[in-house]
Structure formats: C-alpha cells, structure tokens
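Here is how the chains run, residue by residue.
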Amino acid sequence: MKTKCQVADEYQVLSLQAMVSTNRATVGGFFLAGRSMVWWPIGASLFASNIGSGHFVGIAGTAAAGGLAIGGFEWNALVVVIILGWLFVPIYIKAGVVTMPEYLRKRFGGQRIRIYLSVLSLFLYVFTKISADMFSGAIFINQALGLNIYLAVILLLSITALYTVTGGLAAVIYTDTLQTIIMVVGSFILMGYAFNEVGGYENFQTRYMEAIPTLTGVNISESCYTPRPDSFHIFRDAVTGDLPWPGLVFGLTVQATWYWCTDQVIVQRCLSAKNLSHVKAGCILCGYLKLLPMFLMVFPGMISRILYPDEVACVEPEECLRYCGASVGCTNIAYPKLVVDLMPNGLRGLMLSVMMASLMSSLTSIFNSASTLFTMDIYTKIRSSSSEKELMIAGRVFILVLIGVSIAWIPVVQSAQSGQLFDYIQSITSYLTPPIAATFMLAIFCKRVNEPGVFYGLTIGLAIGLTRMISEFAYGTGSCVTPTNCPEIICGVHYLYFSIILFCISCLLIVSISLMTKPIDDKHLHRLCWQLRNSTEERVDLELDNWKEDQEPTYPTEEPGCCKKAVLSFCGLEKSTAPKLSAEEQAELQRQLTDTSEKPMWRNVVNANAIILLCVCVFLHGFYG
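The numbers attached to residues start from 1 for each chain and follow its sequence in the written order. Given that this is a predicted model, residues contribute local features only at a pLDDT of at least 70 and side-chain atom pairs are listed and counted only at 80 or more, while totals for whole chains, interfaces and linings are drawn from all residues. The basis for the side-chain values is all heavy atoms of the structure; hydrogens and waters are excluded.

**Here's the deal with the overall build of the chain**
Now for step 1: In terms of helices and strands, the chain carries 29 helices and 0 strands.
Now for step 2: Think of it in three bands: with a 1.4 Å probe and only protein chains considered, a residue is buried below 20% of the maximum accessible area for its type, exposed above 50%, and partly exposed in between. The proportion of buried residues among the 625 residues of the chain is 55%.
Now for step 3: Within the chain, residue pairs in contact and separated by at least 24 positions form 79% of the contacts whose partners lie at least 6 positions apart.
Now for step 4: When the accessible surface of the chain is split by element, carbon and sulfur atoms take 65% of a total near 26600 Å². Per the convention used, a helix needs a DSSP run of H or I reaching at least four residues, while a strand needs a run of E reaching at least two, with both numbered from the N terminus. Two residues qualify as a contact provided that any one of their heavy atoms is within 4.5 Å of a heavy atom in the partner residue. Calculation of accessible area relied on Shrake-Rupley with a 1.4 Å probe; when residues are assessed, cover is drawn exclusively from the protein chains displayed.

Dropping the structure here:
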C-alpha cells in the first residue's frame with residue numbers, strides 16, 4: 001500500500017479526495033487550507049510563478065535586438081487569464097479535480113495520455129527550462145565575475161546541489177516570495193537609473209534608432225545592425241515582420257492557452273481559492289501585474305543597446321565571441337550588463353544574489369518534478385515490481401542524465417534564434433505544445449471527442465512538431481550575418497504561424513478520429529465538459545480512482561520522538577484519534593469542493609474589472625500597435 005509521501009511524489013500535489021479517504025484529524029483543516037486562499041495572494045503567486053530571472057535575460061535581450069514587440073508576448077496574457085478564470089477553472093472545479101492529468105483521466109480514461117504528457121513534460125524541461133535557466137544564470141555569473149559560460153554552469157549546478165540538500169520546502173516557498181518582491185522592486189529601481197542615463201522617454205526613442213555598433217563589417221548587410229524601422233510597434237508586417245501580427249495575436253494565444261489554462265502550476269493556484277469570485281479576482285490581478293514586464297524588462301533591454309551598442313548589438317562574429325562567447329550575437333547580456341554597470345554596489349549585489357537564488361530554486365523544483373515524472377509515470381511502467389529504494393536511485397540517476405543532456409544542449413540554446421533566448425523558448429513551445437492546447441480546448445468544449453481521438457491527435461501532432469524542431473536545429477537557425485540553409489518549406493514558416501497550423505491539424509485529427517470511433521456516454525461526462533457543466537446527475541468514472549475508501553494509513557506502534565513526529569506529521573502518518581467522516585460529511589465536503597456559486601455583487605464586481613482589464617489591453621495594444 002502506498003504511503004501518502006509516495007503519492008505526493010506521484011501527483012506532486014496532494015489530492016483533496018485522497019485526504020477525504022483517510023482517517024485524519026486534519027481533513028477539515030486541510031480542506032480549508034486548500035480552498036481558503038483569497039484573491040491577492042493568488043494573483044501575486046500566478047505572476048511570481050510565471051516571471052523568473054530567465055525572463056529578465058530573454059525578454060530584455062530580444063527587446064535589445066528587435067524593439068518592443070516582444071512585450072506583446074506578456075500583454076497577450078491579459079486576455080488569456082480571463083479565459084482561464086471564466087471558462088477553464090469553473091470546469092476544473094466542477095469536475096472535482098486537483099491535477100491536470102487527473103482531469104484527463106476522468107475525461108477520457110486510460111493511461112496512454114498520462115504517459116504522453118509525462119514524456120512531453122520531460123522534453124520541455126530539457127529544452128526550455130533546465131538548459132535555458134542554466135544558460136541565463138551562467139550569463140549573469142559571466143557578466144558579474146567574468147567566468148567562462150560552462151565554468152559558470154558548473155558553479156551554478158554545484159551551488160544548486162548544496163541549496164537542494166540544505167534547503168527545505170517551507171524555506172523555498174518563503175524565499176521565492178521574497179525573491180520575487182526584491183526582483184520587481186530592484187527592476188523598478190534599475191529602470192529609473194536606465195531612463196535617467198538616456199535622458200527620458202523621448203531621448204530613449206531617438207537614441208535607440210541610432211544605436212549602431214562601431215564595427216559593422218564590410219560584407220554585412222545594414223539591416224543586421226540597424227534597429228528595425230518598426231522597433232516601437234507591437235504589430236508588424238504579416239510577411240516581413242520578425243514577429244508578424246497574425247502570429248502574435250493567434251499563434252501566441254495557442255501557446256498561452258497551454259501555459260495559463262492547462263499547466264499544473266498555474267491552475268493549482270487558482271484551485272486553492274475559497275470561491276470562484278476569488279479565482280477571477282486573482283486572474284485579474286495577475287493580468288494587471290503582467291503589464292509590468294514591458295516597462296521592467298523590454299524598455300531596459302532597449303536602453304542597454306543604447307548604452308552599450310558595441311557589446312549588446314555586435315554583429316562581427318569575432319567581436320561577439322569576445323564579448324559573450326556566442327558568434328551569432330550578444331543581446332542576451334543586455335539586462336545583466338545593466339545590473340552590473342548601472343546599479344550601486346549594495347543594490348547590484350542584492351539583485352545578482354536574488355537572481356541567482358531564484359534560478360537555483362527554480363532548478364531544484366524542475367529537478368524534483370522531472371525526477372517524479374520519470375520514476376512514477378515511466379520507470380514504474382518499465383519495472384512494475386521495483387522497490388522504493390530502486391525508484392529513489394533511478395530518480396537520482398535520471399537527474400544526472402537530465403543535467404548532462406541539458407548542458408550538452410546549451411550550445412544550441414546559445415546560438416538558436418540569432419542568440420535570442422526568449423525567441424528560442426517560444427519557438428520550442430510552438431513546436432511541442434499546440435496539440436496539448438487543442439486537447440484541453442476540445443475536452444472542455446466538445447463532448448464528442450474521446451480517448452482514441454485525443455491520443456492519436458497528440459501523437460501525430462508531436463511527430464509533426466518534432467520533425468520541424470529537429471530539422472531546424474539540424475540545419476541550424478543561423479543569424480542575419482550567416483543565414484541558415486534550412487529549406488524554406490521547413491524553416492520558412494515563422495514559429496508563431498507553425499503554432500497556428502499545428503493547432504488546427506491537431507484539432508482536425510482529434511475530431512476526425514473521435515467521430516470514427518465510439519463516443520463516450522454522457523453518464524461519464526457530467527460536470528467534465530461545458531455542455532454538461534451544470535448537470536446534477538451522478539457521474540460514473542471511466543476509470544476507478546487509485547484511492548479506496550477503506551484505505552487506512554499505517555501508524556508507528558511506539559511513541560516517536562519530537563523530530564520523528566514532525567517528519568511523520570509532514571508525511572501524513574501522524575496518529576489520529578479523530579472519527580472517520582460519515583457519508584453525509586464526505587458528501588458535504590465534496591459539494592463544497594465542487595461549488596462554483598458566486599454572490600451576485602462580487603460576480604458583478606469581477607466581471608466589471610475583467611471588462612476594464614480588457615479595455616486596458618485594447619488601449620495599450622492600440623497605443624503601441
């Protein structure tokens with residue numbers, strides 16, 4: 001029988017239903033803790049979970065290279081968080097689920113989709129999280145200490161290992177919150193220094209268009225080192241634009257739907273709210289906070305090009321290698337260079353230490369999640385009889401393999417998308433995530449789709465995405481100075497356009513295959529899709545839950561010491577004298593868990609604020625469009 005600590009590893013977040021099924025005195029307390037969060041910490045947590053030091057490096061670097069259009073990636077979230085709070089979360093709450101794999105299991109049944117999501121998550125961890133985080137951290141160390149990029153990576157991993165061993169869960173939670181506050185406050189201060197250095201906003205606009213490196217080379221096209229004429233516009237030409245406007249509006253929304261509406265980290269924060277009004281209010285607060293990156297990252301990145309044109313905007317491969325170790329460009333050093341050169345000594349040290357701590361805590365979380373996914377969802381399928389000790393060893397060995405692959409991938413990150421980290425991350429996301437976005441959209445809004453349709457749609461969609469990704473990196477993404485020789489039919493389609501195409505293909509496949517196979521009876525779909533969201537009929541699960549009502553935890557026989565008692569309490573194995581919940585009490589607990597009712601006044605308040613946020617979004621896009 002599994003202990004609760006094992007199940008926490010498997011699901012990463014304890015299910016409320018699991019807590020109901022065990023005889024613990026803290027069931028009610030756990031329920032209240034799980035559904036008692038108010039709107040402002042939810043909104044702040046959504047923002048903090050999304051923004052990391054990799055954002056500061058990536059967004060500022062792309063802004064230095066191409067202007068403020070990259071800010072549209074952040075402002076797109078203003079619309080998608082409304083979709084999250086008003087359309088997706090109500091279904092998740094009514095379904096009574098806590099994790100996204102749990103929702104898909106209830107909606108479609110079977111294990112294939114869960115394994116697919118686990119494998120894809122590991123791909124994304126390697127290609128977009130671990131390697132990108134290590135690279136961005138190494139850039140900060142390189143700029144601050146002058147160390148080689150790979151030596152900086154080894155130093156970062158060594159400190160991270162120490163941080164992982166000595167740190168605790170509570171420490172990580174509190175330090176993450178503090179780090180986010182310091183990063184935001186520090187970036188506000190840095191923005192003030194940066195604008196003061198260039199002489200205000202009007203001078204900033206003029207000087208950015210004149211920010212050209214001294215060494216431009218004889219055979220290098222002028223367009224490679226001259227700021228784009230549309231640098232101060234979000235919406236750019238649909239054919240010649242570096243971020244074409246249809247891709248920014250539609251393709252980016254596909255990626256954003258995957259990230260904001262189906263990612264476990266994001267959705268879990270919304271599910272912790274005390275009621276649906278607090279969910280919506282938290283989403284609105286997050287939307288307002290997402291206005292900040294344009295001013296805290298994009299503008300400073302562009303100012304960095306003004307102040308350091310020879311380094312940040314270098315085009316001569318030899319010069320770029322000398323400044324940052326990458327021949328394709330050095331725009332990724334834009335933000336770290338501002339921190340190192342402009343901030344006063346005390347603030348500079350604080351900002352750098354917070355960036356490093358944030359990166360390390362992010363890496364530890366990723367390593368833990370990746371290890372859990374591999375051991376519980378993949379390794380246990382290969383070796384179903386494996387012992388707990390074997391699983392622990394397999395998880396740790398897998399982390400080492402993961403780190404090795406990620407370090408080997410860093411040269412690709414360094415040179416991909418003309419050396420622009422954020423564009424690289426978004427391109428990988430465009431190749432791999434549209435099928436997942438299509439799956440959740442259709443799972444919620446089209447009750448006719450079934451497990452075969454979703455599985456084959458996901459699999460074929462992944463094959464198409466991997467074909468584009470592998471081909472692009474096999475040929476190399478090149479740069480303005482040395483363009484890639486990748487065939488136009490493969491690499492000529494912008495990654496945001498590819499996201500739209502792959503999403504449409506995935507939807508078509510899922511719907512077509514579902515229509516050719518047996519539909520799921522309505523008795524299995526009550527409160528799992530939009531059409532049946534208000535159904536009061538009892539739902540018959542397609543697959544039985546792993547938890548059994550008569551499952552009891554095993555308690556130690558002798559009285560444990562204080563330390564052991566604390567550990568047992570943390571793992572959910574402390575002795576309990578509380579009576580088991582009756583059927584009526586469990587039913588009431590389940591009713592509260594799946595309640596989406598709102599008080600009319602607060603429903604009107606959050607709806608009005610959502611309209612205001614959308615108006616702000618439209619105004620800003622119009623102003624900078």
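Moving on, there is more to tell.
**With respect to helix α22 (residues 421-432)**
Now for step 1: Spanning 12 residues, α22 covers 17 Å between terminal C-alpha atoms, matching the ideal 16 Å at 1.5 Å per step.
Now for step 2: Listed as buried for α22 are Leu421, Phe422, Asp423, Tyr424, Ile425, Gln426, Ser427, Ile428, Thr429, Ser430, Tyr431 and Leu432. In this analysis, the expected span of each helix is defined as 1.5 Å times one less than the number of residues it contains.

**Examining the confidence of the model for the chain**
Now for step 1: Taken over all residues, the pLDDT of the chain has a mean of 80, while the share at 70 or more is 82%.
Now for step 2: Confidence drops under a pLDDT of 50 for residues 166-174, and excluding neighbours within four residues, the segment shows 3 contacts in the predicted structure.
Now for step 3: One confidence number per residue, pLDDT, is output by the predictor and ranges from 0 to 100. A low-confidence stretch, residues 546-556 stays under pLDDT 50, and its non-local contacts, those more than four residues away or across chains, total 31 contacts.

**A closer look at the side chain of Asn50**
Now for step 1: Structurally, Asn50 is set in helix α4 (residues 39-50).
Now for step 2: Here the side chain of Asn50 touches Tyr259 through a polar contact of 3.4 Å, side chain to side chain.
Now for step 3: Other than its neighbours up to four places away in sequence, Asn50 contacts His55, Glu74, Tyr259, Trp260 and Lys290. Pairing of N or O atoms within 3.5 Å defines a polar contact, subject to two protein rules: one partner must be a possible hydrogen donor and the other a possible acceptor, and residues neighboring in sequence count only if both atoms are side-chain atoms.

**Observations concerning unusual backbone geometry**
Now for step 1: At Arg527, a residue that is not glycine, the phi angle is positive and equals roughly 65°.
Now for step 2: By relative accessible area, Arg527 is classed as buried at 19%.

**Concerning the packing of helix α7 (residues 77-95) against helix α13 (residues 245-262)**
Now for step 1: Only the stretch in contact is used when a helix axis is fitted, and all axes are lines through C-alpha atoms; the angle between N-to-C directions ranges over 0 to 180 degrees. Interaxial distance between α7 and α13 falls to 9 Å at its minimum, and their mutual angle equals 45°. Taken together, the axes of α7 and α13 are oblique relative to one another. When the axes of α7 and α13 are compared, the crossing they make is right-handed. Seen from α7, the contacting residues are Ala77, Val80, Val81, Ile83, Leu84, Phe88 and Tyr92; seen from α13, they are Thr253, Ala256, Thr257, Trp260, Cys261 and Thr262.
Now for step 2: Under the grouping applied here, Gly and all other residues not named as nonpolar or charged are polar, the nonpolar ones being Ala, Val, Leu, Ile, Met, Phe, Trp, Tyr, Cys and Pro and the charged ones Asp, Glu, Lys and Arg. Across the contact of α7 with α13, the residue classes break down as 10 nonpolar, 3 polar and no charged. These descriptions rest on fixed angle ranges, namely under 35 degrees for roughly parallel, over 145 for roughly antiparallel, 65 to 115 for roughly perpendicular, and the rest for oblique. Note on convention: the crossing is left-handed when the near helix lies turned anticlockwise from the far helix by less than a right angle, right-handed when the turn is clockwise.

**Here we look at the packing of helix α15 (residues 276-289) against helix α29 (residues 600-624)**
Now for step 1: Contact pair α15 / α29: the axes reach a minimum separation of 10 Å and the direction vectors enclose 20°. By the angle between their axes, α15 is roughly parallel relative to α29. The crossing of α15 and α29 is left-handed. In contact with Ser277, Lys280, Ala281, Ile284, Gly287 and Tyr288 of α15, α29 contributes Trp602, Arg603, Val606, Asn607, Asn609, Ala610, Ile612, Leu613 and Val616.

**Comments concerning empty space enclosed by the protein**
Now for step 1: Here the term cavity refers to a set of points on a 1 Å grid, laid over the protein atoms alone, in which a 1.4 Å probe fits but cannot get out; the term pocket refers to an open set having protein on both sides within 12 Å along at least five of seven lines, with lining residues being those that place an atom within 4 Å of a point. Grid points are joined across faces, edges and corners, and a volume is the space filled by probe spheres set on the points. Tallied over the entire structure, the rule returns 5 cavities of 30 Å³ or more.
Now for step 2: Taken as a whole, the largest cavity holds about 90 Å³ of empty space.
Now for step 3: In terms of lining, the largest cavity is formed by 12 residues, of which the most central are Phe135, Ile139, Cys324, Asn332 and Ile333.
Now for step 4: Sorting elements by how many residues they give to the lining of the largest cavity places helix α9 (residues 112-145) first, with 3 residues.
Now for step 5: Class assignment of the residues belonging to the lining of the largest cavity gives a composition of 7 nonpolar, 5 polar and no charged.

**Overview of the state of the cysteines**
Now for step 1: Note on disulfides: each one is a pair of cysteine sulfur atoms within 2.5 Å. Enumeration over the complete set of coordinates arrives at 3 disulfides.
Now for step 2: At a sulfur-sulfur separation of 2.2 Å, the disulfide partner of Cys314 is Cys320. Here the S-S torsion is close to 130°, and the disulfide linking Cys314 with Cys320 is therefore right-handed.
Now for step 3: Accessibility expressed as a relative area gives 0% for Cys320, which makes it buried.
Now for step 4: One disulfide bridge connects Cys486 with Cys491, the sulfur atoms lying 1.9 Å from each other. The S-S bond linking Cys486 to Cys491 shows a torsion near 70°; that makes this disulfide right-handed.
Now for step 5: The closest cysteine sulfur to the non-disulfide-bonded Cys283 is located on Cys270, 4.1 Å from its own sulfur.
Now for step 6: Free cysteine Cys529: the closest other cysteine sulfur is in Cys446, separated by 8.9 Å.

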